[in-house]
Amino acid sequence: MSIGVFFQGAVQREKKYQVQPGFGDRRGGVISARTYFYADEAKCDHHMETFVRCIEASGGSSEDGFSAIKLTALGRPQFLLQFSEVLVKWQRFFHQLAADQGKAGLAAVEIELEVEKLKESLANLGIATKDEIHNWFTGENLGLSGTMDLLDWNSLIDNRTKLSKLLLVPNLQSGQVEPLLSRFTEEEDLQMKRMLQRMDVLAKKALETGVRLMVDAEQTYFQPAISRLTLEMQRKFNKDNPIIFNTYQCYLKEAYDNVTADVELSRREGWHFGAKLVRGAYMQQERSRAAEVGYEDPINPTYEKTNEMYHRCLDYVLEEIRHNRKANVMVASHNEDTVKFTLKR
């Protein structure tokens, strides 16, 4: 994994991804999930060693065990906050371009942009010349079929060294085109690499002991980065068996788009998809922060809508298991109706 991206100080930070002192203690309103705070790199190493012992204990007591970890225990949360903003802005730009082509309202995995129109839009925005954009896509073997989907679009962030100067997005408020990515400072770069190294140690230990490693979901302002880093681990370690599991919080409005996109990527690349489906542990805190800071509430509006989302996501994964044995799911729920729904399926 080589995630070498960061925000430039001059770029307008979105409210959701700014540090909010009033919500600095992330334990507020949360009673069912452990919260880790960054002290220093030594503390992160200590957490990693504790997780290693948990994985070893699980492997020693069961042939089909699992262990859960939290990425905020393995590095500085500020990195997750800022990398999440990069990923969200880049995906939002894709949806803006889709709306320009009259494809708004579709499920994320169903949207396919016409490449020629896409090139024209990017050129009109002043991001690059048509020739530069053409070379950009063809150099990455993207859009050769005449269309480009969200998975292709996301893959453009994978090759930062060549493409970082072209990763620009329009700021709808200022009307200006802004650079999305830039280099870390030396210390930030080291902190990021240490987090990735710790993740790698845990994944290798899980693979060695035959333990399924489940990466817990956390707050929505961290989650895009957590999911992306977990996806990179799945690509690397889930080639033969589902060792790394991502966690999907079904109380979120975007849960179905996230599940379907990741299943499609696993299918396309041939690795084993692993999912833990939960409802979510941070509802009160998420809603309070969204209301106070001033961004859209990420949580489904009602309990019933969350149930519908959970069953929709579960149904999709169960269908994938039926047709492709490379998918695995843990139904992490105390809900009686969900358990009955799963057994019935």
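On a predicted model such as this, the values are computed, not experimentally measured, just so you know.

1. So, the overall build of the protein
Across its full length, the protein holds twelve helices and nine strands. Within the protein, contacts between residues separated by at least 24 positions form 75% of all contacts whose residues are at least 6 apart in sequence. Roughly 16,400 Å² of accessible area belongs to the protein as shown, and the carbon and sulfur atoms make up 49% of that amount.

2. A closer look at helix α11 (residues 303-323)
For α11, with 21 residues, the first-to-last C-alpha span of 31 Å sits near the 30 Å given by 1.5 Å per residue. What α11 keeps buried is the set T306, N307, M309, Y310, H311, C313, L314, V317, L318, E320 and I321. At its buried positions, α11 is contacted by α9 (255-269), β8 (273-278), β9 (327-331) and α12 (336-344).

3. Digging into the pattern of salt bridges
Here the structure, examined in full by the defined rule, presents 27 salt bridges. Among the ionic pairs, K117 bridges to E114, the shortest N-O distance being 3.7 Å. Judged by its relative accessible area of 43%, K117 is partly exposed. The partner of R228 in a salt bridge is E232, with the nearest N and O atoms 3.4 Å apart. Taken as a pair, R228 and E232 lie in helix α8 (residues 223-237) at a separation of four residues, close to a single helical turn. One network of salt bridges, with partners in common, ties together D149, D152, E264, R267, R268 and E320.

4. Thoughts on the pairing of strand β7 (residues 244-249)
Of all six residues in β7, six are buried; the element is thus mostly enclosed. Residues I244, N246 and Y248 line one face of β7 and the alternating positions F245, T247 and Q249 line the opposite face, and both faces are buried. Two elements, strand β6 (residues 212-215) and β7, share three bridges in a ladder whose sense is parallel. Looking at β7, one finds that L213 is bridged to I244. As a crossover connection, the stretch from β6 through α8 into β7 is right-handed. Pairing of β7 with β8 involves four bridges; the strand directions are parallel. Note that in β8 the partner of Q249 across the bridge is V278.

Calculation rules
- Residues numbered from 1 in each chain as written.
- Predicted model: local features only at pLDDT ≥ 70, side-chain atom pairs only at ≥ 80, totals over all residues.
- Heavy atoms only, no water.
- Helix = DSSP H or I, 4+ residues; strand = E, 2+ residues; numbered from the N terminus.
- Contact = heavy atoms within 4.5 Å.
- Areas by Shrake-Rupley, 256 points an atom, 1.4 Å probe, with all protein chains shown as cover.
- Expected span 1.5 Å × (residues − 1).
- Buried < 20%, exposed > 50% of the residue type's maximum accessible area, 1.4 Å probe, protein only.
- Salt bridge = Lys/Arg side-chain N within 4 Å of Asp/Glu carboxyl O.
- Pairing = 2+ DSSP bridges.
- Right-handed = clockwise from strand over helix to strand, strands pointing away.

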